[in-house]
Amino acid sequence: MLVFVVLLVGTHVGLTGIRDARPPEARLGFYPPAPVIKALTADHYQFTSQLISLQCLFYFGTLVELRSQVPDWWRIYRAVYTSTRLDPYNMDAYYFAQAVLTWETGMTQQAIELLEYGFAHRTWDWYLPFYISFDYAFFLKDYEKAGMYLAKAAELKPEVAWYATLAARYFYEGGSTALALAYLKEMIPAARNEAIRKRLVTRAEAFEKVLQIEQAVAEYKERYQTNPEDLGRLVRAGLLERIPHDPYGGRFYLDEQGRVRTTSKLVPVEKTHGSHKN
Amino acid sequence: MKTKELTAFMTVAIKGGIRDRVLAAIVVVGLILLLTTPVVASFSMRQVLALATSYSLSIISLMGLLLTLFIAMILLAKDLEQRQVYTICSLPISRATYLLGKFLGFAVVIFLAVSILGCFSAGALFVLERIHPAERAFAWGGFFIGLWFQYWVLLIVGAITILFSTVATSNFLPLALSVGVYLGSYSSEAVRYFIRTSAGQKELGAAVGLFGDLVYWILPNFSAFDLKAQIIYGVALNARELLLTQLYAVGYLGVVLLLATLTFARREFR
């Protein structure tokens, strides 16, 4: 008995070590095309779809929190894609695509395609056109399409006056930071996963700081009819109490056009990013 | 066919199910389902109730299938093994009465199993709905209609297993064939759609296309019975489609049972 217990514990510990050290692609696993999975899982394809999106979440959460390995973004995208093709109503997959693929990997176009596919099925869901609208406005600067999708969101959710009124102004006046902040504040309360919620909160904090500086820059321009040379000038002019701290660990500065930038580029500075960033 | 004899065989089959502690096992599975549903659902980012429903329906479907295969497989095999069928054949009772009586008993046991699991599942979903209200109200009507059609899938799978049992000489063959039919019946419609596309015709050719079409018309189309999207996401149900599906199920079950009684009547016992 003792021999078997020792054998079991010893191999289990060893096996866990080996499996933990596997490359990212092996940890997420390989998923065959959706039609193959559908044929093999009979009427369990919805649950399988949800398992795949949860697998992506666990994979993302574990690796990002541990910061030990670089997530394989392309593989994550393929898994989310498969998940949505298995169950086009799976909102977890769309939420994950929006929360992770756009900000973390720059796969905005792919995320939009997934969300548009979802909206073709979840025709009642105002979140999807809202996300698509944001992606077009903020990442792709396509305000026409952004406006179109926001109008659809407003149609489905008329009680949110924000969509119908302020959004149009944000889009056309180019106030994308304020838009991003408003968007993130919609996303955070709905985020039930801690890893994703933390990410969104940090990003919102960063955008609050950027907005604070942008407002000081605008006031400086109005007062002195010129761009400030650096952020120190804003502090000396009494428009900022001090230079805000970038929650990502970077340093805020003004570029040649007077736009607020950060050395972190809004990603944690101590972390290396994935090879599929595009 | 005498009702009294039919009822007697049905009662024997139900008692067999109870004796095998099938319903007791189902209650245990139901309790596990009740306890694990909130845990599984808590992993969801945006659709707790949808994940809980999907999980519950998958468990009910899987447990129902295992139970169906298990009971349907031993329904005749046990009597054949214990040679009770020889005694029955020597009595002035038709084999069709024996087979249909057994099937009715099987149908009652499966109905009880699906009902027990459905009740446990509904309890878990009811609580979760109050804790995590969804954007759209949960379609309770759709949930019970979905379970009803799930039950009919199991009846048809059971009848097919019994049909295979009437001709097979081993227990494993009906089981393997039934699993194949079950899987194929959920994908035959999708395959047929693909075959009809220009890409499908180009890739598969006319012969494979014809075969796919034939398989679609022979196997039961379980995709029509699958109302999970409507239940989980509250997509509207089509009353006409439901009625046609129900009539189709009755027709298909009738044909399979008729074939089973014919083959069983011709079977020689040595």
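Residues numbered from 1 in each chain as written. Chains lettered and ligands numbered in written order. Predicted model: local features only at pLDDT ≥ 70, side-chain atom pairs only at ≥ 80, totals over all residues. Heavy atoms only, no water.

(A) Highlighting the interface of chain A and chain B. Opposite the 28 residues of chain A that make contact, chain B presents 30 residues. With both sides pooled, the region where chain A packs onto chain B buries about 2600 Å², and carbon together with sulfur makes up 58% of that total. The tally of links from chain A across to chain B stands at one salt bridge. The partner of A:Asp43 in a salt bridge is B:Lys228, with the nearest N and O atoms 2.8 Å apart. (Contact = heavy atoms within 4.5 Å. Buried area = accessible area lost by both parts, 1.4 Å probe. Salt bridge = Lys/Arg side-chain N within 4 Å of Asp/Glu carboxyl O.)

(B) Structural detail: empty space enclosed by the protein. Residue and element names in this part refer to chain B. Throughout the structure, instances matching the rule amount to two cavities of 30 Å³ or more. Approximately 80 Å³ is the volume attributed to the largest cavity. Around the largest cavity, the lining comprises 13 residues; the ones closest to its centre are Leu57, Gly146, Gln150, Lys228 and Ile231. For the lining of the largest cavity, the secondary structure elements donating two or more residues are helix 3 (48-81), helix 6 (140-167) and helix 9 (228-233). Residue composition of the lining of the largest cavity, by class: seven nonpolar, three polar and three charged. (1 Å grid on protein atoms, 1.4 Å probe; cavity = no way out; pocket = protein on both sides within 12 Å on 5 of 7 lines; lining within 4 Å. Points joined across faces, edges and corners; volume = space filled by probe spheres on them. Helix = DSSP H or I, 4+ residues; strand = E, 2+ residues; numbered from the N terminus. Nonpolar A, V, L, I, M, F, W, Y, C, P; charged D, E, K, R; others polar.)

(C) Main features of the environment of B:Leu155. Residue and element names in this part refer to chain B. Within the fold, Leu155 resides in helix 6. Leu155 gets classed as buried once you look at its relative accessible area, which sits at 4%. In this structure the C-alpha to C-alpha distance between Leu155 and Val250, which are 95 residues apart in sequence, comes to 9.9 Å. (Buried < 20%, exposed > 50% of the residue type's maximum accessible area, 1.4 Å probe, protein only.)

(D) Region of the structure containing the pattern of salt bridges. If you walk through the whole model with that rule in mind, you get eleven salt bridges over all chains. Measuring nitrogen to oxygen at the nearest pair gives 3.3 Å for the salt bridge that ties A:Arg261 to A:Asp255. Judged by its relative accessible area of 33%, A:Arg261 falls in the partly exposed class. One salt-bridge network, in which partners are shared between bridges, spans A:Asp43, B:Asp226 and B:Lys228.

(E) Broad picture of a nonpolar patch on the surface. A contiguous nonpolar patch, built from A:Met1, A:Val5, A:Leu8, A:Val9 and A:Val13 and spanning about 540 Å² of accessible area, is present on the exposed surface. Relative to the helices and strands, A:Val9 is located in helix 1 (residues 2-20). (Patch = residues over 30% accessible without salt bridge, like charges linked within 9 Å, V, L, I, M, F, W, Y side chains within 5 Å. Areas by Shrake-Rupley, 256 points an atom, 1.4 Å probe, with all protein chains shown as cover.)

(F) Up close: the packing of aromatic side chains. Using the criterion set out here, one finds 43 aromatic pairs over all chains in the structure. Note on A:Trp103 and A:Phe134: the rings are 5.8 Å apart at their centroids and 40° apart in plane angle, and the pair reads as tilted. Here A:Trp103 is found in helix 6 (residues 91-105), whereas its partner A:Phe134 is found in helix 8 (residues 127-139), with 31 residues between them in sequence. The same class applies to A:Trp103 and to A:Phe134, which are both buried. Taking the centre distance of 5.7 Å and the plane angle of 40° together, the rings of B:Trp148 and B:Tyr151 count as tilted. A residue pair is termed a helical-turn pair when its members lie 3 or 4 positions apart in one helix, as B:Trp148 and B:Tyr151 do in helix 6 at three residues. Grouped by ring-pair contacts, the aromatic residues B:Phe149, B:Tyr182, B:Tyr186, B:Phe222, B:Phe225, B:Tyr248 and B:Tyr252 constitute a single cluster. (Phe/Tyr/Trp six-rings, centres within 6.5 Å; stacked < 30°, edge-to-face > 60°.)

(G) Just helix 3 (residues 34-41) of chain A, in detail. Residues and elements named next belong to chain A. What helix 3 keeps buried is the set Ala34, Ile37 and Thr41. For helix 3, the arc enclosing every buried residue in end-on projection is 65°, short of the 170-degree limit, so these residues lie on one face. Opposite the buried face of helix 3, at more than 90 degrees from it, the exposed residues are Pro35 and Leu40. Looking one or two residues beyond helix 3, the residue adopting positive phi is Ala42, at roughly 50°. (Arc of directions from axis to C-beta.)

(H) Inspection of helix 5 (residues 73-86) of chain A at higher detail. With 14 residues, helix 5 of chain A extends 20 Å between its outermost C-alpha atoms, agreeing within 8% with the 20 Å of an ideal straight helix rising 1.5 Å per residue. All buried positions along helix 5 of chain A are accounted for by A:Trp73, A:Ile76, A:Tyr77, A:Ala79, A:Val80, A:Thr82, A:Ser83, A:Thr84 and A:Leu86. (Expected span 1.5 Å × (residues − 1).)

(I) Quick peek at the layout of surface pockets. Taken as a whole, the second largest pocket holds about 890 Å³ of empty space. Around the second largest pocket sit 30 residues that line it, and A:Lys38, A:Tyr45, B:Glu189, B:Ala190 and B:Ser223 are the ones nearest its centre. For the lining of the second largest pocket, the secondary-structure elements that each account for two or more residues are helix 3, helix 4 (45-66), helix 5 and helix 7 (108-121) of chain A together with helix 7 (172-196) and helix 9 of chain B. Ranked by residues supplied to the lining of the second largest pocket, first place goes to helix 7 of chain B with seven residues. Of the residues contributing to the lining of the second largest pocket, the split by class is 19 nonpolar, five polar and six charged.

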